Amino acid sequence: MGRKVAVVGTGQTYHRSHRPDVTSREMIREAVTSALADADLKIKDIDAVVIGNMDHFESINYVDTYSIEGSGAFMKPIMKVSTGGTTGATVAIAAYYHAASGLFDRVLAVGFEKNSESDTTGAIITCSDPIWDRFSYSGAIPSLATEATAYMEQYGATQEDAALVGERDRNHALNNPYAHLQRPLTVKDIMASPMLAYPIKLGDICPRSDGACAMILAADGIAQKTASRPAWFKAVSVRHTYTWFGDSTDYNKGLVSMQQASQEAYARAGIRSPVDELDVAELYLPYTWAGLKWIEDLGLCGRGEAARFVGDKNTHMGGKLPINPSGGVISTNCIGATAMLRVAEAAIQVMGKGGKRQVPEAKNALATGFGGCFWTDVVILSSERP
Amino acid sequence: MSDWRKDVEPLTLKGQIAIPYTWHVGDVGSRFLAALRDEKKILGSRCPECGKVFVPARKNCGACFVDISEWVELKPEGVIEAYTIVHYSHPIQPVKPPFAYALIKLDGADVGFLHLIKKDLDKLKNGLRVKAEFSGERTGKILDIDSFELV
């Protein structure tokens, strides 16, 4: 067993569609200085840095070095970790491994993206196998749309059922000063938006944002002295699948990587009934349908029950298990930071620093990351030292 | 101190990298593509341990992690497992919208085969039978199958 580790500080930028006022590394620095301030630490206190973004987005390959002025990693151990959509969560998990290993006491994790600087679809397509799958399934939308049609046919969920997920997250974003999209969107608005790939409409899908997120992790013994209410890692899990869309994604079986990752994480965290034992969830839901199908894969409700579970407001603020108090990915999507924002927002809830988006007395929080060919990261944080 | 910021014109620099790649398909993939090109045949391969038939043919089974040597010729027909109809345009798409991406379970295969459907988009349903239409000019690539059509 590794050492126990907790999040002791988080920082993020005010996410926007464009940040013409800063370069990527200047933007990174905003998140890092904010995380240091949150933990009341100086850059000299940081022993190692893990950083990540999505390959091909800014056309900067060596972001570990490129970002040095922004991350503060000059002459420190720094590693770049890049795993597509899950990057931010994987960076957080790699930082956790660093601290849990016993080799580093205080580790800084950074995720960022300036989506405005490139062609998102052109960059995302590079996650598909160049020989077999890249001729088709351009970008993120068609594969998700295929998943959604399979789910609709299997369980009879409607486009309105999915749109409620978007309405919920966009409403939640109004409580989050950092969120990119701060205008409410209703089920009616989503239904009236243009069809992209059936059943995904413009209102069902996440935006492209510029932004960065940073977290500071500290090992047992140091974490308690650094933060009054640290967010302890109870479990992490990473599951990857094949890139072949035809066999990694038997859509009728559900999102297998998410099922397995969450089951492993619940077992490690000693959670038997996630919906009763978790207090809040920050889920990587890049499109509205994920807010139905994937919460079933996470075991938050039964198969085919998500439309009713969400429809009964169980996942709204004040509900049984609020999902995405931050507004989620539907409201903010700076891709290399997106999955880290899920972990950081989960930490913010556990640390009781959520302000208007705080879920009262949140003790156990679930965070997920999702990536291109249907792979998954899961993190469970808790105010209780494991 | 920060007054100068109000007058700053935010500048950008344009850039584009276009890097040519030559991806080696490998022996197994090459045999699969050559069969499409020369014989209009769709070849799969069967895992000796789990018995799963993969298409396109694979060199090894990802789950059992063993080599595969048995080739299986599949009928160019199967059923639609799931699909989406694309309405938006993007230069990277293989054809102009509207068209469908479909996962097709070919007869005798155990995994879906990702391809296109261009006709009868209003009639598509999961479970319907489709067959491969080969293109006239075949050069050894996945789009040597032009698309699938309802049977």
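Refer to the preceding data block for the structure.
Scope of this entry: the structure provided in the associated data block. Just so we're clear, the structure is a prediction, and the values are computed from it rather than from any experiment.

### A word on the pairing of strand β10 (residues 364-371) of chain A
Residue and element names in this part refer to chain A. Among the eight residues in β10, eight count as buried, and that is most of the element. The sheet contact formed by strand β9 (residues 280-282) and β10 spans three bridges and is parallel. Across the sheet, the residue bridging to Ala281 is Leu366, located in β10. Two elements, β10 and strand β11 (residues 375-382), share eight bridges in a ladder whose sense is antiparallel. Within β11, the residue paired with Ala367 across the bridge is Val379. Hairpin geometry of β10 and β11 is characterised by an intervening segment of three residues between the two adjacent antiparallel strands and by a positive phi of about 70° at Phe374.

### A look at the pairing of strand β7 (residues 129-134) of chain B
Residues and elements named next belong to chain B. Direction of pairing for strand β4 (residues 77-86) relative to β7: antiparallel, over a ladder of three bridges. Within the sheet, the bridge partner assigned to Gly78 lies in β7 and is Val130. Bridge analysis of β7 against strand β8 (residues 145-150) gives five bridges, and the strand direction is antiparallel. Bridged to Ala132 within β8 is Phe148.

### Focus: helix α16 (residues 335-351) of chain A
Residue and element names in this part refer to chain A. Compared with the 24 Å implied by 1.5 Å per residue over 17 residues, the 24 Å span of α16 between its first and last C-alpha is a close match. Taking the largest bend as the criterion, α16 deviates by roughly 30°, centred on Leu341. The element α16 is largely enclosed, with a buried count of 17 among its 17 residues. With its phi angle positive at about 75°, Gly352 sits one or two positions after the end of α16.

### Here's the deal with the interface of chain A and chain B
Residue-level contacts link 31 residues of chain A with 30 residues of chain B. The element that contributes the greatest number of residues to the side of chain A that touches chain B is helix α6 (residues 141-155) of chain A, accounting for six residues. Class assignment for the residues of the side of chain A that touches chain B results in 18 nonpolar, nine polar and four charged.

### Remarks on the packing of helix α4 (residues 87-100) of chain A against α16 of chain A
Residue and element names in this part refer to chain A. One can describe the packing of α4 onto α16 by two numbers: an axis separation of 5 Å at closest approach and a directional angle of 60°. Here α4 is positioned oblique relative to α16, judged by the angle of their axes. Residues Thr87, Gly88, Ala89, Val91 and Ala92 of α4 touch α16, and the partners they reach there are Gly336, Ala337, Thr338, Ala339, Met340, Leu341, Arg342 and Val343. Broken down by class, the residue content of the contact of α4 with α16 amounts to eight nonpolar, four polar and one charged.

About the cut-offs
Residues numbered from 1 in each chain as written. Chains lettered and ligands numbered in written order. Predicted model: local features only at pLDDT ≥ 70, side-chain atom pairs only at ≥ 80, totals over all residues. Buried ≥ 20, exposed ≤ 12 C-beta atoms within 10 Å, placed from the backbone. Helix = DSSP H or I, 4+ residues; strand = E, 2+ residues; numbered from the N terminus. Pairing = 2+ DSSP bridges. Expected span 1.5 Å × (residues − 1). Bend = angle between axes of the 7 residues up to and from the residue. Contact = placed C-beta atoms within 7 Å. Nonpolar A, V, L, I, M, F, W, Y, C, P; charged D, E, K, R; others polar. Axes fitted to C-alpha atoms, helices over the stretch in contact; angles between N-to-C directions. Parallel < 35°, antiparallel > 145°, perpendicular 65-115°, else oblique.

Purely geometric stuff here, so don't read any function into it on its own.
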